[in-house]
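Architecture at a glance
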Amino acid sequence: MHGRRRVGETLGEAVAYTIEDTITINDYSANGYTFNGWEIVSVENGNWTQNGVLQPGDVDANTYYGNIQLQPMLTPIEYTVNFVPNGGTIIPAKSYTIETSDYVLPGSEKTGYDFAGWKVTSASGSWTENAVFEAGDSVEGKYGTVTLTATWTPKKYDITYIVGNTDLYPDGITKEGTYAQTAPDLTDAEKAKPSDAQYDYTFEGWSPALTTVTGEKTYTA
């Protein structure tokens, strides 16, 4: 009585058959790879073809006999890492496979900002949307096409205010300013009247006028 034996359902599992059995060769899948069939890597006391390739489907009964060992034939799939600089230096797209081990994510530069990592804004395969990767992180073991968008932290700069002879800021003061934002203001810098002065003073502003922060700056009342 003829039977049916399914091969390839579980990788590494041995399946017994006789010449009278119909053998069903199963499909196989592996993340990051294309499956190209089962290679016959070993034949013992049989009529199978050494290094032959079996594709998924049925092998008719009364055709083959003997012990064989099969292994899946896999080709790594080529994927793409796309970079969105978000105002920083342009990074060319990079092709890679799940087996790529010598490629690490680059950094980027942007005037007035510190690079804060690559955020996953479009994900497939093993990439997780909204995850953040640092420059120097490896893609080894990853698979799938992904879009990474640069994230940035604005730099901080010292902004110095020289007020002069006042009770409020007698020696001046330094505050932290954020790149691309207007320099922080101080409370009106009222100037105390010296004991021998005839007049009080009214604060009229800063010289130069407060501007957008692009680096360290000194303002004088």
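About the cut-offs
Counting of residues starts from 1 at the beginning of each chain's written sequence and follows it residue by residue. Given that the model is predicted, a residue must reach a pLDDT of at least 70 before its local features are reported, and side-chain atom pairs must reach 80 or more before they are shown or counted; all residues, however, enter totals for whole chains, interfaces and linings. The side-chain quantities take in all heavy atoms of the structure and omit both hydrogens and water. Numbering of helices and strands runs from the N terminus, with a helix taken as a DSSP run of H or I at least four residues long and a strand as a DSSP run of E at least two residues long. Throughout this description, buried means an accessible area under 20% of the type-specific maximum (1.4 Å probe, protein chains only), exposed means over 50%, and partly exposed covers the range between. Contact between two residues is taken to exist if any of their heavy atoms lie within 4.5 Å; hydrogens are not considered. The definition of a nonpolar core used throughout is a set of buried Ala, Val, Leu, Ile, Met, Phe, Trp, Tyr and Cys residues joined through side-chain atoms within 4.5 Å. At least two DSSP bridges between two strands are needed for those strands to be called paired. When a carboxyl oxygen of Asp or Glu lies within 4 Å of a side-chain nitrogen of Lys or Arg, that pair is called a salt bridge. Polar contact criterion, stated in full: a pair of N or O atoms within 3.5 Å, where within protein one must be able to donate a hydrogen and the other to accept it, and residues adjacent in sequence count only if both atoms are side-chain atoms. Stacked, tilted and edge-to-face are the three classes applied to pairs of Phe, Tyr and Trp rings, where Trp contributes its six-membered ring and a pair requires centres within 6.5 Å; stacked means planes under 30 degrees apart, edge-to-face means over 60, and tilted covers the rest.

**Quick look at the overall build of the chain**
Tallying secondary structure elements over the chain gives zero helices and 14 strands in all. Element order for the chain, N to C, with α for helix and β for strand: β-β-β-β-β-β-β-β-β-β-β-β-β-β. Within the chain, buried positions represent 30% of all 221 residues. The contacts of the chain with a sequence gap of at least 6 include a subset with a gap of at least 24, amounting to 53%.

**A short note on the nonpolar core**
Residues Val-81, Phe-83, Leu-105, Trp-118, Trp-127 and Leu-148 are the most contacted members of the largest nonpolar core, which totals 18 residues. Counting residues per element, the ones that place at least two in this core are strand E7 (79-84), strand E9 (113-122) and strand E11 (146-154). Here the element with the most residues in this core is E11; it accounts for four residues. Every residue in contact with Val-81, bar those within four places of it in the chain, is listed here: Ala-93, Lys-94, Tyr-96, Leu-105, Val-146 and Leu-148.

**Remarks on the sheet that holds strand E4 (residues 53-54)**
Read from one edge to the other, the open sheet built from three strands follows the order E4-E3-E6, with strand pairing classed as antiparallel. Edge strands, defined here as strands with exactly one partner in the open sheet, are E4 and strand E6 (67-76). Across two bridges, the pairing between strand E3 (residues 33-44) and E4 is antiparallel. Bridge pairing links Glu-39 to Val-53 in E4.

**A closer look at the pattern of salt bridges**
Scanning the entire structure with this criterion turns up one salt bridge. A salt bridge links Asp-114 to Lys-155; the shortest N-O distance between them is 2.6 Å. Of this pair, Asp-114 sits in strand E9 while Lys-155 sits in the loop between E11 and strand E12 (156-162), and the two are 41 residues apart along the sequence. Given the relative accessible area of 37%, Asp-114 is considered partly exposed. Among the residues examined, Lys-155 registers a relative accessible area of 28% and is labelled partly exposed.

**Describing the environment of Ser-124**
When you line up the elements, Ser-124 lands in the loop between E9 and strand E10 (132-133). Considered as a pair, Ser-124 and Tyr-79 are 45 residues apart in the sequence and their alpha carbons are 9.9 Å apart. Not counting chain neighbours up to four residues away, the residues in contact with Ser-124 comprise Tyr-143, Gly-144 and Thr-145. From its side chain, Ser-124 meets the backbone oxygen of Thr-145 in a polar contact 2.7 Å long.

**A few points about the packing of aromatic side chains**
Summed over all chains, the structure comprises 14 aromatic pairs. Note on Tyr-96 and Trp-127: the rings are 6.5 Å apart at their centroids and 90° apart in plane angle, and the pair reads as edge-to-face. A residue pair is termed long-range when its members are at least 10 positions apart, and Tyr-96 in strand E8 (residues 94-96) and Trp-127 in the loop between E9 and E10 qualify at 31 residues. Taking relative accessible area as the criterion, Trp-127 reaches 6% and is therefore assigned buried. When the ring of Phe-115 is compared with that of Trp-152, the centres are 5.5 Å apart and the planes differ by 70°; the resulting orientation is edge-to-face. Highlighted residues: Phe-115 in strand E9 and Trp-152 in strand E11, separated in sequence by 37 residues. Judged by relative accessible area, Trp-152 falls into the buried class, the value being 14%.

**Thoughts on the pairing of E11**
Summarising the sheet, E7 and E11 pair through four bridges and their orientation is parallel. Opposite Phe-83, over in E11, you have Leu-148 as the bridge partner. Pairing of E9 with E11 involves seven bridges; the strand directions are antiparallel. Within E11, the residue paired with Tyr-113 across the bridge is Pro-154.

By themselves these figures say nothing about function.
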